[in-house]
Amino acid sequence: MTAYDVIVLAGGAAKRLGGADKPGVRVGGRALLDRVLAACDDAARTVVVGDRRPTARPVLWTREVPQGGGPLAALGAGLRLTEADHVLVLSADLPFLGPGTVGALLAAAVQPGREGALCTDPDGRDQPLVAAYRAEPLRRELALIATEHGNLAGLPLRLLTAELDLARVEAGPDAAFDCDTWDDIAAARARIREHGAVLDEWITSVKNELGIDLDVDTGVLLDLARDAAHGVARPAAPLTTFLVGYAAARASAGAGPHEAAAAVAEASRKATALALRWEAEAAEAAIPAESAGQGGDAAGGPAAGAKPETGREGTGTP
């Protein structure tokens, strides 16, 4: 992928959220800002324009002058701290932005003759804060706008995008979905709990919360949990997956993420095989019991090989 820096604009007033700290609002247990940072974690340098706050990974902080001066002023402040030839520019309220969209923007931005690329939403509207720009023409146009208007404060982004030769990337409704209102926040929170997405969202949130950088085949772990629950007992499912994680951690101590993922897969394979052996033994044990439960022979006597009933030893009971 093309080397790039990223600028995240996180200093807006959030008036439609009643002045709430929008970058810190949580969707799926993660702050909106952290969700955006996760989509571009391979950036060479990450600059956040806004008030300092805890983040899931290290960033450089700056503020626009004057504070509250709008997106062009914030972009200018962030650009001064970047070094790469290409700059990804994002708002801090994109809960569903993913690495795929970032890659598509960068690929479009390096096309011959282009000065950048931006996303378009499903209605065809440009999204200049979901975009990748070549740094040199971006600096040039910002300088020209500042010279013409005296400064960048309060100016609309269209003054910038109108002067650049930009490719358009249709990234679908999720990539450009931003959270401007509490209804948007509610919709985002509901969407991540939909059946097709909830597990991936949960696993990603857990990994971020625990500081784990590990790609694991969740299907393998789910199959293991199912086999343990079915072949042993329901409580065996969470306990077994915990033990698999512990074993994998011991086996891959000091190794990288790929080795750790392989250790999880191997521990899961062994535990699954064990659960299936338990299930097979239970099935074999059930066969004689079922046969015995069919009663005696056709004459009504005891089944062949059955011991006659005797009294309990030492009780005198016949």
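Residues numbered from 1 in each chain as written. Predicted model: local features only at pLDDT ≥ 70, side-chain atom pairs only at ≥ 80, totals over all residues. Heavy atoms only, no water.

**Quick look at the confidence of the model for the protein**
Link 1 in the chain: In this model, the protein carries a mean pLDDT of 85, and residues with pLDDT of at least 70 account for 89%.
Link 2 in the chain: In this model, residues 295-318 is a region of pLDDT below 50 whose contacts with residues beyond four sequence positions or in other chains number nine contacts. (pLDDT = per-residue confidence, 0-100. Contact = heavy atoms within 4.5 Å.)

**Re the side chain of Asp 93**
Link 1 in the chain: Tracing the chain through its elements places Asp 93 in the loop between strand S6 (86-91) and helix H3 (99-109).
Link 2 in the chain: Of the polar contacts made by the side chain of Asp 93, one reaches the side chain of Ser 91; its length is 2.7 Å.
Link 3 in the chain: Contacts of Asp 93, omitting those with residues within four sequence positions, involve Lys 22, Leu 32, Val 36, Phe 177, Asp 178, Cys 179 and Asp 180. (Helix = DSSP H or I, 4+ residues; strand = E, 2+ residues; numbered from the N terminus. Polar contact = N/O pair within 3.5 Å; in protein donor to acceptor, adjacent residues only side chain to side chain.)

**Some details on the side chain of Thr 46**
Link 1 in the chain: With respect to the element layout, Thr 46 can be found in strand S4 (residues 45-49).
Link 2 in the chain: Among the polar contacts made by the side chain of Thr 46, one reaches the side chain of Arg 57 at a distance of 2.8 Å.
Link 3 in the chain: If near-sequence neighbours (up to four positions away) are discounted, Thr 46 is found in contact with Val 6, Leu 37, Arg 57, Val 59 and Leu 60.

**Looking at H3**
Link 1 in the chain: All of the buried residues in H3 are Thr 101, Val 102, Gly 103, Leu 105, Leu 106, Ala 108 and Ala 109.
Link 2 in the chain: The inward-facing, buried residues of H3 abut helix H1 (32-39), S6, strand S7 (116-120), strand S8 (126-134), strand S9 (166-170) and helix H6 (172-175). (Buried < 20%, exposed > 50% of the residue type's maximum accessible area, 1.4 Å probe, protein only.)

**Points about a nonpolar patch on the surface**
Link 1 in the chain: A surface patch of nonpolar side chains, about 240 Å² in accessible area, is lined by Val 198, Leu 199 and Leu 222.
Link 2 in the chain: Relative to the assigned elements, Leu 222 resides in helix H9 (residues 218-231). (Patch = residues over 30% accessible without salt bridge, like charges linked within 9 Å, V, L, I, M, F, W, Y side chains within 5 Å. Areas by Shrake-Rupley, 256 points an atom, 1.4 Å probe, with all protein chains shown as cover. Salt bridge = Lys/Arg side-chain N within 4 Å of Asp/Glu carboxyl O.)

**Some details on the pairing of S4**
Link 1 in the chain: Of all five residues in S4, four are buried; the element is thus mostly enclosed.
Link 2 in the chain: Looking at chain direction, strand S1 (residues 5-9) and S4 are connected through five bridges and run parallel. Among the inter-strand pairings, Val 8 is bridged to a residue of S4, identified as Val 48.
Link 3 in the chain: Of the pairings in the sheet, the one linking S4 to strand S5 (residues 60-62) comprises three bridges and is parallel in character. Counterpart to Val 48 in the pairing with S5 is Trp 61. (Pairing = 2+ DSSP bridges.)

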